[in-house]
Amino acid sequence: MDPAVAATPADASALGDYDVLIADRGNNRLLLVSPQKKILWEYHFADVPPGSGADDAFFADGGNSVITNLEHQQVIRIIDRKTNKVTWEYGGLGRPGSNPGYLDFPDDAYKLPNGDVIVADIRNCRILDISPDKKIVRQAGITGRCWGEAPALDSPNGDKPLPNGHVLVSTIHDHSLIELDQNWKEILHLKLPIRYPSDPQMTRAGNFLVAGYTKPGKIIEISRAGKIVWQYKPKPDEELNRPSLAIELPNGNVLATDDLNQRVVVIDKATNTVLWQYGVTQHRGSNPGYLHIPDGLDIIKTDQDLAKAD
């Protein structure tokens, strides 16, 4: 094994029997990696310029598909994991726009249980709900209006759907977390102590986990009342560099992309220690054990993984 890869933290138990899906944007690929760091599945974007692959990737259809947004190429795609074929696409490849069928820097595309797709359309300052036949079902925000009071959204870059039908939205320029109810009406607007908040997620305790896309990077857990209940306080040699997504694992650890440090990490909240990582810190690459701008992630239970069921 490559000595630099071998030297990275490797406590497989830190993931709690979950495989990790990584949107490795700089390498134009998606990877599914086991806790033992074995590559289980791989997908390459062959029709886009180098370095403009998926910013995010999330499982859909019970793990049979992956939904991705190619922010720099203005499209959303759903990929069948068995065939590696694109089964659905929205947006004009390489062509930003605001008219129906077009997006301008789409971020965090999720497939909902009813088959619709929601996406944060950053530069159009809106969240869209798109039906399978590619019609806009509803919208939060006002197209092209990136300032002012609700319903305006100031460059939304996160739109996490919750089980109760609510959506968590992060907005870049006013440094906020917004919760929309099932009718997409604003019910919470929380100013964050982060210059560039990214992709808020819920924790088991009902708090919000938010990445700060900064250098040094931040990860905070904040209550609905605005109280910080945990934040990542790294050792000097483990500072983050523009993390874009952090999620709480079922075992309580935090899994995060450390985008410009070229790694994905699992952090022990009790000790602020990196227990596991994929990628060699500050060394980009495409060989096994290396990443280049890992910008998104998701998890799937190991025993549910198609690659191991085949």
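What comes next concerns the included structure. This one's a predicted model, so the numbers in the text were calculated from it and none came from an experiment.

Along the chain, D174 turns up in the loop between strand 13 (167-171) and strand 14 (176-180). Of the residues examined, D174 reaches a relative accessible area of 18% and is grouped as buried. Every residue in contact with D174, bar those within four places of it in the chain, is listed here: D154, H189 and K191.

This next bit is on the sheet that holds strand 23 (residues 273-278). For sheets, the rule is that strands pair by backbone hydrogen bonds, running either parallel or antiparallel. In spatial order, the strands read 20-21-22-23; together these four strands make up an open sheet with antiparallel pairing. Sheet topology places strand 20 (246-248) and strand 23 at the edges, where each strand pairs with a single neighbour. Between one strand axis and the next, the sheet turns through 25° on average, direction left out of account. The pairing of strand 20 with strand 21 (residues 254-258) spans three bridges and is antiparallel.

Core analysis: the biggest nonpolar cluster contains 42 residues, and I76, L255 and W276 have the highest contact counts within it. Counting residues per element, this core draws most heavily on strand 9 (residues 117-121), which supplies four residues. When residues no more than four places from it in sequence are discounted, the contact partners of I76 are I67, T68, N69, W88, E89, Y90, L103, P106, A109, V117, V119 and I130. In this structure, W41, A54, V66 and I79 belong to the second largest nonpolar core, which totals 17 residues.

Parameters at a glance
- Residues numbered from 1 in each chain as written.
- Predicted model: local features only at pLDDT ≥ 70, side-chain atom pairs only at ≥ 80, totals over all residues.
- Heavy atoms only, no water.
- Helix = DSSP H or I, 4+ residues; strand = E, 2+ residues; numbered from the N terminus.
- Buried < 20%, exposed > 50% of the residue type's maximum accessible area, 1.4 Å probe, protein only.
- Contact = heavy atoms within 4.5 Å.
- Pairing = 2+ DSSP bridges.
- Axes fitted to C-alpha atoms, helices over the stretch in contact; angles between N-to-C directions.
- Core = buried A, V, L, I, M, F, W, Y, C linked by side-chain atoms within 4.5 Å.

The values reported here are purely geometric and, on their own, carry no functional implication.
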